[in-house]
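Observations on the model geometry
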Amino acid sequence: GSTCSRGSVEGERKKRGMATCFCNTILTHEVELAEQKLVQVARDCEKAHAQRDAAFETRDKALAEVGHWVRELEAEKERGAADRAAATQALQDSELRAHQQRQQAEERLAEVEA
């Protein structure tokens, strides 16, 4: 009887050992898969960060360009306003001269007729 029971105990021990080994193999595989996933996630994060940085850089460049064109347009507007003011002044000056010349011509005409 004792041989049989001892045999069955050893058999159980062997079975348990195999089960433990099988479990460890599965767990090791699961851990490896999890590590691979982590590495992939880390890579994806790096890629996403790089894309985000590139997007910010593109946005900053676009904003700088827009700012540049806004300043150009403002300067152009100021130049236009200055040109308009100068043209208006020139027109007023020439109108004044024409008026003065007409007055002088009328005065000479009055002298001649007198």
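What comes next concerns the included structure. Bear in mind that the values here come from a model prediction, so they are computed numbers and not experimental data.

A separate point is the overall build of the protein chain. Each helix and strand counted, the protein chain has one helix and zero strands in total. For the protein chain, the spread of C-alpha atoms along the principal axes amounts to about 165 × 15 × 10 Å. The buried share of the protein chain, taken over its 114 residues, is 1%. Just so you have it, the protein chain exposes about 10500 Å², and 59% of that area is on carbon and sulfur atoms. Both charge centroids of the protein chain, one from 18 positive and one from 22 negative side chains, sit 19 Å from each other.

Glancing now at the pattern of salt bridges. Should their charged atoms come close, side chains of opposite charge can pair. One pass over the full model with this rule turns up six salt bridges. For Lys77, the salt bridge goes to Glu74, with nearest N and O atoms at 3.9 Å. Taken together, the residues span about one helical turn, with Lys77 and Glu74 both in helix α1 (residues 2–113) at a distance of three residues.

Another point: the environment of Arg108. Tracing the backbone shows Arg108 in helix α1. You can call Arg108 exposed: its relative accessible area is 52%. In this structure, the C-alpha to C-alpha distance between Arg108 and Asn24, residues 84 residues apart in sequence, is 124 Å.

Here is what the cut-offs are and how they apply
Residues numbered from 1 in each chain as written. Predicted model: local features only at pLDDT ≥ 70, side-chain atom pairs only at ≥ 80, totals over all residues. Heavy atoms only, no water. Helix = DSSP H or I, 4+ residues; strand = E, 2+ residues; numbered from the N terminus. Buried < 20%, exposed > 50% of the residue type's maximum accessible area, 1.4 Å probe, protein only. Areas by Shrake-Rupley, 256 points an atom, 1.4 Å probe, with all protein chains shown as cover. Lys, Arg positive; Asp, Glu negative; His and termini not counted. Charge placed at Lys NZ, Arg CZ, Asp CG, Glu CD. Salt bridge = Lys/Arg side-chain N within 4 Å of Asp/Glu carboxyl O.

None of this, on its own, says anything about what the molecule does.
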